[in-house]
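What follows is the residue order along each chain.
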Amino acid sequence: MKSEKSPIFGGDIAVRARGNGFTYAIQRFVSEKIQARRRRISADHAAWELAQLPDYLKQDIQWPPTSDHEER
């Protein structure tokens, strides 16, 4: 087994185990987690940028969005 370092965070992200798809499963799991983190960061950044808009533009695009939990 061999641990691998994340190019972004520098910490151990996975242990490589050989045989019957273990390597693929671990790489897929790790890449899904990294992609999810990137999506969250992107959404947070977009929300921050929209919050910086002037009030008249916020009204035009109806920001911040209002929704019921039942609409989702």
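Worth saying up front: this structure is predicted, and the values here are computed from it rather than measured.

Let us look at the overall build of the chain. A count of helices and strands for the chain gives two helices and two strands. Taken from the N to the C terminus, the helices and strands of the chain come in the order β-β-α-α. Buried positions account for 6% of the 72 residues belonging to the chain. Here the chain has roughly 6,600 Å² of accessible surface; of this, 53% comes from carbon and sulfur atoms.

On to the pattern of salt bridges, then. Following the criterion strictly, the structure yields one salt bridge and no others. Across the pair E32 and R28 runs a salt bridge, and its minimum N-O distance is 3.2 Å. On the criterion of helical spacing, the pair formed by E32 and R28 is a turn pair, its members being four residues apart in helix 1 (residues 22-51). Exposure remark for E32: the relative accessible area of 40% places this residue in the partly exposed category. Residue class for R28 comes out partly exposed when judged on its relative accessible area of 47%.

Relative to the elements of secondary structure, K58 occurs in helix 2 (residues 55-60). Within the buried core, K58 has no salt-bridge partner, and the shortest N-O distance to an opposite charge, that of D55, equals 4.2 Å.

Turning our eyes to something else, we now look at unusual backbone geometry. Leaving glycine out, the prevailing phi sign among residues is negative, and the prevailing peptide bond configuration is trans. Within the chain, Q62 stands out as a residue other than glycine whose phi angle is a positive 55°. Under the relative-accessibility criterion, Q62 is labelled exposed at 65%.

The next point concerns the confidence of the model for the chain. Interpreting fine coordinate detail is not advised for predicted regions of low pLDDT. With 62% of its residues at a pLDDT of 70 or more, the chain shows a mean pLDDT of 76. Confidence scores differ between elements of the chain, with strand 1 (residues 2-5) showing the lowest mean pLDDT of 53 and helix 2 the highest of 89.

Here is what the cut-offs are and how they apply
Residues numbered from 1 in each chain as written. Predicted model: local features only at pLDDT ≥ 70, side-chain atom pairs only at ≥ 80, totals over all residues. Heavy atoms only, no water. Helix = DSSP H or I, 4+ residues; strand = E, 2+ residues; numbered from the N terminus. Buried < 20%, exposed > 50% of the residue type's maximum accessible area, 1.4 Å probe, protein only. Areas by Shrake-Rupley, 256 points an atom, 1.4 Å probe, with all protein chains shown as cover. Salt bridge = Lys/Arg side-chain N within 4 Å of Asp/Glu carboxyl O. Lys, Arg positive; Asp, Glu negative; His and termini not counted. pLDDT = per-residue confidence, 0-100.

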